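# Report on the structure
Given next are the chains, with one letter for each unit.
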Amino acid sequence: MKVYISSYMTGHDGFNIPAFDAKKEELEAKGAQVLNPADIARKYGLNKPYNFYLRKAMRMLLKADVVLVFGDKKALSLSRGVKKEVSLANLVDIPVFEQVLPKWILEDR
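Let me begin by describing the structure that accompanies this report. (Residues numbered from 1 in each chain as written. Predicted model: local features only at pLDDT ≥ 70, side-chain atom pairs only at ≥ 80, totals over all residues. Heavy atoms only, no water.)

## Re the overall build of the protein
Each helix and strand in the protein was counted, giving six helices and four strands. Put simply, the protein runs from its N terminus to its C terminus through helices and strands in the order β-α-β-α-α-β-α-α-β-α. Computed over C-alpha atoms, the radius of gyration of the protein comes to 13 Å, within 12% of the 13 Å expected from 2.2 N^0.38 for 109 residues, which places it in the range of a compact globule. The principal-axis extent of the C-alpha atoms belonging to the protein is close to 40 × 30 × 25 Å. Counting only residues that meet the buried cut, the protein has 42% of its 109 residues in that class. Residue pairs at least 24 apart in sequence account for 68% of intrachain contacts in the protein once pairs closer than 6 positions are excluded. Looking at the protein as shown, the accessible area adds up to about 6,500 Å², and 54% of this sits on carbon and sulfur atoms. Taken together, the 18 basic and 13 acidic charged side chains of the protein have centroids lying 8 Å from each other. (Helix = DSSP H or I, 4+ residues; strand = E, 2+ residues; numbered from the N terminus. Rg over C-alpha atoms; globule rule 2.2 N^0.38 Å. Buried < 20%, exposed > 50% of the residue type's maximum accessible area, 1.4 Å probe, protein only. Contact = heavy atoms within 4.5 Å. Areas by Shrake-Rupley, 256 points an atom, 1.4 Å probe, with all protein chains shown as cover. Lys, Arg positive; Asp, Glu negative; His and termini not counted. Charge placed at Lys NZ, Arg CZ, Asp CG, Glu CD.)

Dropping the structure here:
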């Protein structure tokens, strides 16, 4: 099961990369294949325009079976990127879950 993880990055300490990595580790321990947009920042650095990262993230998201949105709900509600990722997932019928994945998702590998 390919899980794309989504949370806020822009304007947060370290672009929230440690939280993305922790979530990836947690899900991989449960058997998921994790698509982590923080890997884009690691690969290309942190000095590119916003749309550069967004386009790469959207391509990554389209490879997912499900999307998991995680993190502080208030910050999530303000995140342009999260809103766009959720909109794209909904547009192409990729299920979106908040905070945790149902157990059946990880059992259905």
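## Here we look at the layout of surface pockets
By volume, the largest pocket is sized at about 430 Å³. As for the largest pocket, its lining consists of 24 residues, and the residues nearest its centre are Met9, Thr10, Phe15, Tyr50 and Tyr53. Contributions of two or more residues to the lining of the largest pocket are made by helix 2 (38–44), helix 3 (50–61), helix 4 (73–78) and helix 5 (80–91). Residue classes in the lining of the largest pocket are distributed as 16 nonpolar, five polar and three charged. (1 Å grid on protein atoms, 1.4 Å probe; cavity = no way out; pocket = protein on both sides within 12 Å on 5 of 7 lines; lining within 4 Å. Points joined across faces, edges and corners; volume = space filled by probe spheres on them. Nonpolar A, V, L, I, M, F, W, Y, C, P; charged D, E, K, R; others polar.)

## A closer look at the environment of alanine 57
Counting through the fold element by element, alanine 57 comes out in helix 3. A sequence separation of 53 residues divides alanine 57 from tyrosine 4, and the C-alpha atoms of the two residues are 9.3 Å apart. If we skip the residues at most four places from it in the chain, alanine 57 touches Tyr4, Pro37, Ile40 and Glu85.

## What about helix 1 (residues 17–29)?
End to end, helix 1 covers 18 Å across 13 residues, agreeing with the expected 18 Å (1.5 Å per residue, within 8%). Ile17, Phe20, Lys23, Lys24 and Leu27 are the residues of helix 1 that are buried. Buried residues of helix 1, viewed axially, fall in a sector of 125°; they line one side. Projecting away from the buried face of helix 1 at angles above 90 degrees are the exposed residues Pro18, Glu25 and Ala29. Turning to helix 1, the residues buried within the fold contact strand 1 (2–6), strand 2 (33–35), helix 2 and strand 3 (66–69). Positive backbone phi, at 100°, marks glycine 31, one or two positions downstream of helix 1. (Expected span 1.5 Å × (residues − 1). Arc of directions from axis to C-beta.)

## Looking at a positive patch on the surface
A contiguous patch of positive charge, built from Lys2, Arg55, Arg59 and Lys63, is present on the exposed surface. Along the chain, lysine 2 falls in strand 1. According to the relative accessible area criterion, lysine 2 is partly exposed, its value standing at 31%. (Patch = residues over 30% accessible without salt bridge, like charges linked within 9 Å, V, L, I, M, F, W, Y side chains within 5 Å. Salt bridge = Lys/Arg side-chain N within 4 Å of Asp/Glu carboxyl O.)

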